[in-house]
Amino acid sequence: MNTAYKRIVVVGGGTAGWMTAAALATALPGGSVELVESEEIGIVGVGEASFPSIRAFHKLLGVDEAEFLRATNGTYKLGIEFRDWRAQGERYFHTFGDFGDLTGPHALWGQHRRVNDAGLGALHEQCLPSVMAGQGRFQAPSEHGKLFDYAYHFDATLYAPFLRKLALRRGARRTEGRIVDVTRRADGGVDQLKLADGRVVEGDLYIDCSGFASLLLGRALGEPFVDFSHWLPADRAWACPAERVGTELAPYTRATALEAGWAWRIPLRNRTGHGHVFASRYIDEDCAREQLLRQLDGPALGEPRLLRFATGHRRRVWVRNVVSLGLSSGFLEPLESTSIFLVQSGLGRMIDLLLPGVAPGESQVAAYNAGMVRQFARVRDFIILHYCLTARRDGKLWRAMMTMELPETLAFKIHAWRQSGTLYQYDEEGFDATSWLAIHAGMGHWPERADPSLRDLAPDAALRALQRRRDSLAAVVAAMPTHDAYLRDMTQQGTR
Ligand SMILES: Cc1cc2nc3c(=O)[nH]c(=O)nc-3n(C[C@H](O)[C@H](O)[C@H](O)COP(=O)(O)OP(=O)(O)OC[C@H]3O[C@@H](n4cnc5c(N)ncnc54)[C@H](O)[C@@H]3O)c2cc1C
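From a predicted model like this one, the values you see are computed outputs, not experimental measurements. (Residues numbered from 1 in each chain as written. Predicted model: local features only at pLDDT ≥ 70, side-chain atom pairs only at ≥ 80, totals over all residues. Heavy atoms only, no water.)

J.: Mind showing me how you'd approach the UniProt feature "active site" (unreviewed entry) in the protein chain here?
T.: Mapped onto this numbering, the UniProt entry gives "active site" (unreviewed entry) at Lys-77. Structurally, Lys-77 is set in strand β3 (residues 75–77). Judged by relative accessible area, which is 1%, Lys-77 ranks as buried. Among all residues touching Lys-77, those that are not within four sequence positions of it are Ala-49, Ser-50, Phe-96, Tyr-150, Ala-151, Tyr-152, His-153, Pro-251, Thr-253 and Ser-337. Looking at Lys-77, its side chain comes within polar contact range of the main-chain oxygen of Ser-50, at 3.0 Å. (UniProt positions renumbered as here; feature names shortened; annotations may be inferred. Helix = DSSP H or I, 4+ residues; strand = E, 2+ residues; numbered from the N terminus. Buried < 20%, exposed > 50% of the residue type's maximum accessible area, 1.4 Å probe, protein only. Contact = heavy atoms within 4.5 Å. Polar contact = N/O pair within 3.5 Å; in protein donor to acceptor, adjacent residues only side chain to side chain.)

J.: Quick question: what am I supposed to make of the sheet that holds strand β19 (residues 318–319) here?
T.: In a beta sheet, neighbouring strands pair by backbone hydrogen bonds and run either parallel or antiparallel. In space, the 6 strands of this open sheet follow the order β7-β2-β1-β11-β20-β19, with mixed pairing throughout. Unpaired on one side and paired on the other, β7 (173–176) and β19 mark the two borders of the sheet. Bridge count for strand β11 (residues 205–208) against strand β20 (residues 322–324) is 3 bridges, and the pairing is parallel. Bridged to Asp-208 within β20 is Ser-324. (Pairing = 2+ DSSP bridges.)

J.: What is the right way to read the site of the ligand from this model?
T.: Neighbouring the ligand are 31 residues; Gly-13, Val-46, Ala-49, Ile-179 and Leu-327 lie closest to it. Gly-42 places a polar main-chain atom, nitrogen or oxygen, 3.0 Å from an oxygen atom of the ligand. Separating an oxygen atom of the ligand from a backbone N or O atom of Ser-339 is a distance of 3.5 Å. Taken by itself the ligand offers 1000 Å² of open surface, and the protein chains cover 96% of this. Among the secondary structure elements, those contributing two or more residues to the shell around the ligand are α1 (15–27) and α9 (339–354). The residue inventory of the shell around the ligand, partitioned by class, reads 15 nonpolar, 13 polar and 3 charged. (Near = heavy atom within 4 Å. Areas by Shrake-Rupley, 256 points an atom, 1.4 Å probe, with all protein chains shown as cover. Nonpolar A, V, L, I, M, F, W, Y, C, P; charged D, E, K, R; others polar.)

J.: Help me understand the sheet that holds strand β5 (residues 91–95), please; the structure alone is not making it clear to me.
T.: With mixed pairing, the 7 strands of this open sheet are ordered in space as β5-β4-β14-β15-β16-β13-β17. In the strand order of this sheet, the two ends are held by β5 and β17 (305–308), each with one partner. Taken over all neighbouring pairs, the strand axes of this sheet differ in orientation by 20° on average, direction set aside. In terms of strand pairing, strand β4 (residues 79–83) meets strand β14 (residues 253–258) through 4 bridges, oriented parallel. Residue Ile-80 lies in a different strand from β14, and its bridge partner there is Thr-253. Of the strands in this sheet, β4 and β5 are in contact with helix α13 (residues 433–442), which crosses β5 at around 180°. (Axes fitted to C-alpha atoms, helices over the stretch in contact; angles between N-to-C directions.)

J.: Where do I start with helix α2 (residues 53–61) in this structure?
T.: In an α-helix, one full turn covers 3.6 residues, which means residues spaced three or four apart are oriented alike. Buried residues of α2: Ser-53, Ile-54, Arg-55, Phe-57, His-58 and Leu-61, and no others. Those residues of α2 hidden inside the fold are in contact with α1, α3 (65–72), β6 (151–153), α6 (156–169) and α9. Immediately beyond the C-terminal end of α2, within one or two residues, lies Gly-62, with a positive phi of roughly 75°.

J.: Can you walk me through the UniProt feature "binding site: FAD" (unreviewed entry) in the protein chain in this structure?
T.: Feature annotation in UniProt places "binding site: FAD" (unreviewed entry) on Gly-13, Gly-14, Thr-15, Ala-16, Leu-327 and Ile-340, given in this structure's numbering. Of the residues just listed, which span 328 residues, no C-alpha pair is farther apart than 14.0 Å, and they cluster in one region. Inspection of the secondary structure assignment puts Thr-15 in helix α1. Thr-15 has contacts with Ala-156, Tyr-159, Ala-160 and Ile-340, leaving out every residue within four places of it along the chain. Structurally, Ala-16 can be placed in helix α1.

J.: Explanation requested: helix α11 (residues 396–403) in the structure shown.
T.: Along α11, the residues classified as buried are Leu-397, Trp-398 and Met-401. Projected onto a plane normal to the axis of α11, the buried residues spread over an arc of 95° and lie on a single side. Along α11, exposed side chains directed more than 90 degrees from the buried face belong to Lys-396 and Thr-403. For α11, the elements touching its buried residues are β14, β15 (261–267) and α10 (362–388). (Arc of directions from axis to C-beta.)

J.: Would you mind showing me how to read the packing of aromatic side chains here?
T.: One pair of aromatic rings is described through two measures. These are the centre distance and the angle between the planes. This structure, assessed with the given rule, holds 30 aromatic pairs. Residues Phe-382 and Phe-431 carry aromatic rings whose centres are separated by 4.0 Å and whose planes lie at 20° to one another, so their mutual orientation is stacked. Placement of Phe-382 in helix α10 and of Phe-431 in the loop between α12 (408–420) and α13 is noted, with a sequence separation of 49 residues between them. In this structure, Phe-382 and Phe-431 share a single accessibility class: buried. Members of the aromatic cluster, each reached through a chain of ring pairs, are Phe-68, Tyr-76, Phe-138, Tyr-150, Tyr-152, Phe-154, Tyr-159, Phe-162 and Tyr-486. Seen from the ring of Phe-228, Arg-380 lies directly overhead, with NZ or CZ sitting 4.8 Å from the centre. The cationic tip of Arg-380 hangs over the ring face of Trp-231; the distance from NZ or CZ to the ring centre is 4.6 Å. (Phe/Tyr/Trp six-rings, centres within 6.5 Å; stacked < 30°, edge-to-face > 60°. Lys NZ or Arg CZ within 6 Å of the ring centre and 35° of its normal.)

J.: Help me out: how do you make sense of the pairing of β11 in this one?
T.: Residues Leu-205 and Ile-207 point to one face of β11 and Tyr-206 and Asp-208 to the other, with burial holding for every one of them. Relative to β11, strand β1 (residues 7–11) runs parallel, the two sharing 4 bridges. Its bridge partner being in β11, Val-9 is matched across the sheet by Tyr-206.

J.: Explanation requested: the nonpolar core in the structure shown.
T.: Soluble, globular proteins show a tendency: their nonpolar side chains are buried together. Ranked by internal contacts, the top residues of the largest apolar core, which has 66 residues, are Leu-24, Ile-207 and Trp-318. In terms of residues, this core owes the most to one element, α1, which gives 8 residues. Excluding anything up to four places from it in sequence, Ile-207 contacts Ile-8, Val-9, Val-10, Val-11, Thr-20, Leu-24, Val-323, Leu-325 and Met-350. Membership of the second largest hydrophobic core comes to 54 residues, among which are Ala-257, Leu-389, Phe-431 and Trp-436. (Core = buried A, V, L, I, M, F, W, Y, C linked by side-chain atoms within 4.5 Å.)

J.: What should I look at first to understand the pairing of strand β13 (residues 236–243) in this one?
T.: Moving residue by residue along a regular strand, the side chains alternate between the two faces of the sheet. Across the 8 residues that make up β13, a large majority, 6, are buried. As paired strands, β13 and strand β16 (residues 271–278) are joined by 8 bridges and run antiparallel to one another. Residue pairing in the sheet places Glu-243 in a bridge with Arg-271 of β16. Relative to β17, β13 runs antiparallel, the two being bridged by 4 bridges. Residue pairing for β17: Ala-239 is matched across the bridge by Arg-305.

This is the structure:
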């Protein structure tokens, strides 16, 4: 029980709200956690691809993987296949595994000198989960000496109800109602929430998970929005589920670059999620809708739904007695499925500050805010990297992306890679050096000069080592079960 905040009120019952309620009820047993949500308003209901960190979150909650996959029609996600990003017809994988010793000097030699050597193949053929993705196979890595990581795809409309059950079992309470007014305390914090039917909800700490409405932090407290749209102009998405066709189940998300944005394809057990994220300044909504419908690989299951969003984040995400998590704190286009990861990160840091049982001081809150703002900026830079290295010239979006002025932090990283092959990492990076390498390599972006130490490497011996690694990975993966078969087996566990 937290003595500083006896009553914690979570506003909103989407993915962010129920993640928060479940985590608080687990980490602070005996405390008072009340979640207010409105079925009439509903949830955003998109967000079907996750990041490997979700597994640590599930571990903390004690979630059983098979039960979760069954409840949410979930599948495994090894990473993302990017199609047509550098040029039409090209593709590469960004998966959650490494390239062996390829990130060292050996790599630079291999990439820089032999990139056009047909015998070498693509860099992603040196990465175990990318090879698995390419062959449509899956097998969970052993926890000891783990060779790669993985995440999940799931039905976003089923995930919040799954967590809700768990949170309620652990003592969280749910209040159904539409908040129509928010009153303030003398110090500017939130005092009470007024519901449409006249009831009042009161807390000591409020967690704003109200989605794009940002009811407490944005509307009531007026915290300004830091706009990233000059770097990431996508501001709309059409989303449409489609029938699952064929028996193959891809263990990865696909992101296909289109004229003014990109289309996602997310395989679930019962259907396939499709969407088109686009910049309305470069394409009109009807045209974007048509482009999405051409991407569906089965008949549509309903009409496409339009979502509008702004890219950026609130200047501070913890202000007085309000902490904002999820869409209410900010949003970056879902190219690398980072929203749920950012919720999790904010949640973990917040719980660390709540655990001692005393209200965090100003400097701790300031550090929390600085950390979260840096995380948004790091993810922003990583997403921009996918666009700005393009060689496409076939649409205004692509021409704008390759000539725009980059954030300084990203410009420095690109310079360091180009000049010396250094994969520079700042603090608070959500993506490690291997992930950055995957995008540079996939976009055909190599250092201008080889590292001087590479002169000592015997080119033919290195080439043979790389070929051996590629061939042995392909053989190991060929013996693994298909994703579909592995998943069927896993989801039947405990039900036979
Ligand atoms: C197009 C698109 C694709 C995305 N894809 C991904 C992805 O692949 N991976 C990923 O990690 N994330 C993705 N996201 C983000 C992801 O959807 C969200 O981060 C996640 O669903 C959390 O949403 P939320 O809980 O913050 O908001 P919501 O789901 O919108 O929940 C808001 C809650 O607040 C309640 N509420 C609002 N106003 C009131 C009121 N007045 N009174 C009472 N209750 C109220 C609502 O009823 C609801 O319960 C995507 C987002 C978009 C827009």
